[in-house]
Amino acid sequence: MNEALTSQLNPTICRRMLIAHLIETLPKPNNPALEEATGWPRRTVQDVIAKGLPGHGTQVNFVQEGVRNNDGYYELQDWGSFDRDWVRNHLAEICQVLDVTLE
């Protein structure tokens, strides 16, 4: 793990990168799945998706399944300014900054 990199990473940006990564890698990632994966409250997850990611050009769509508003999952359309490969290669450092353990 790169300790020098970890000390330079911004937690706000790390949250956005982690959510983008999880949306792309989890099967049918919805709010409960993202909350469980990160340990973050619902509102934090929603804010990252609704406000944080669009600020980087990251495009996320909600795929509606069923009749209720929350029946469905998120789908990543575009990583925007984030580099998918960089995020994957530095996922351990991102998780360390956020004190998140992924299974």
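Everything that follows concerns the structure shown earlier in this document.
Let me sum up the structure you'll find in this document. What you see is a predicted model; the values in this text were computed from it and never measured. (Residues numbered from 1 in each chain as written. Predicted model: local features only at pLDDT ≥ 70, side-chain atom pairs only at ≥ 80, totals over all residues. Heavy atoms only, no water.)

With that settled, the discussion passes to the pattern of salt bridges. As enumerated under the stated definition, the model contains five salt bridges in all. Close ionic contact of R88 with E24 constitutes a salt bridge, the shortest N to O distance being 2.7 Å. One end of the pair, R88, is in helix α5 (residues 84-89); the other, E24, is in helix α2 (residues 11-25), and 64 residues separate them in sequence. Ionic pairing is found between E65 and K28, a salt bridge with its closest N-O pair at 2.9 Å. Residue E65 is found in the loop between β1 (59-64) and β2 (72-78), and its partner K28 is found in the loop between α2 and α3 (31-38); the two are separated by 37 residues along the sequence. Where salt bridges share partners, they join E24, R84 and R88 into one cluster. (Salt bridge = Lys/Arg side-chain N within 4 Å of Asp/Glu carboxyl O. Helix = DSSP H or I, 4+ residues; strand = E, 2+ residues; numbered from the N terminus.)

This paragraph deals with unusual backbone geometry. Located in the positive-phi region is K28, a residue other than glycine, with phi close to 45°. Given a relative accessible area of 48%, K28 falls into the partly exposed group. (Buried < 20%, exposed > 50% of the residue type's maximum accessible area, 1.4 Å probe, protein only.)

Axis separation between α2 and α3 bottoms out at 11 Å; the angle between their running directions is 125°. Between α2 and α3, the interaxial angle falls into the category oblique. Between α2 and α3 lies a crossing of right-handed hand. Residues L18, I19, L22 and I23 of α2 lie in contact with α3, whose contacting residues are L34, A37 and T38. Classifying every residue of the contact of α2 with α3 by side-chain character gives six nonpolar, one polar and no charged. (Axes fitted to C-alpha atoms, helices over the stretch in contact; angles between N-to-C directions. Parallel < 35°, antiparallel > 145°, perpendicular 65-115°, else oblique. Left-handed = near helix turned anticlockwise from the far one by under 90°. Contact = heavy atoms within 4.5 Å. Nonpolar A, V, L, I, M, F, W, Y, C, P; charged D, E, K, R; others polar.)

Another aspect to go through is the nonpolar core. Counting 24 residues, the largest nonpolar core has L18, I19, I23 and I94 as the members making the most contacts within it. Put simply, the parts of the chain that give this core at least two residues each are α2, α4 (42-52), β2 and α6 (91-98). Those residues in contact with L18, other than ones at most four positions away along the chain, are T38, W40, L91, I94, C95, L98, V100 and L102. (Core = buried A, V, L, I, M, F, W, Y, C linked by side-chain atoms within 4.5 Å.)

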